[in-house]
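# Residue-level structural notes
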Amino acid sequence: MWRATNIREKERLVRMFLTIIFPVLNERLRLEKGVSTTVEYLDGIDFHDYEIIIVDNGSTDETPDIGKHLCE
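What this report covers is the structure whose coordinates are included nearby. (Residues numbered from 1 in each chain as written. Predicted model: local features only at pLDDT ≥ 70, side-chain atom pairs only at ≥ 80, totals over all residues. Heavy atoms only, no water.)

### Focus on the packing of helix 2 (residues 31–44) against helix 3 (residues 63–71)
One can describe the packing of helix 2 onto helix 3 by two numbers: an axis separation of 10 Å at closest approach and a directional angle of 25°. Of the possible angle classes, the one that applies to helix 2 and helix 3 is roughly parallel. As helix 2 packs across helix 3, the resulting crossing turns out to be right-handed. Of the residues in helix 3, those touching helix 2 at L31, E32 and V35 are T63, I66, G67 and L70. Within the contact of helix 2 with helix 3, the residues separate by chemical class into four nonpolar, two polar and one charged. (Axes fitted to C-alpha atoms, helices over the stretch in contact; angles between N-to-C directions. Helix = DSSP H or I, 4+ residues; strand = E, 2+ residues; numbered from the N terminus. Parallel < 35°, antiparallel > 145°, perpendicular 65-115°, else oblique. Left-handed = near helix turned anticlockwise from the far one by under 90°. Contact = heavy atoms within 4.5 Å. Nonpolar A, V, L, I, M, F, W, Y, C, P; charged D, E, K, R; others polar.)

See the structure below:
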């Protein structure tokens, strides 16, 4: 039986894609920090196959505009 002997060989065997969902409602003060912290963490562990989805649940503040800006 063949087994991977190091991390790089294991990475070739298992390919993961991560979806992170931020459900938000009037989070203008926290959204950018939350997303940037998440991206910094994932980049820090060298994980690059991910997407971040921001779901606005009817915010009445600038949350939708901030979410759009983050997606650019």
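Right, picking up where we left off after that structure.
### A short note on unusual backbone geometry
Look at N26: it is not a glycine, yet its phi comes out positive at around 55°. For N26, the location among the structural elements is in the loop between strand 1 (18–24) and helix 2. If you check the backbone angles, D46 has positive phi at about 60° while not being a glycine. Positionally, D46 belongs in the loop between helix 2 and strand 2 (50–56).

### Structural notes on the side chain of T63
Mapped onto the fold, T63 is located in helix 3. Judged by relative accessible area, T63 falls into the buried class, the value being 1%. In this structure, T63 is in contact with V24, N26, E27, R28, L31 and D56, ignoring residues within four places of it in sequence. (Buried < 20%, exposed > 50% of the residue type's maximum accessible area, 1.4 Å probe, protein only.)

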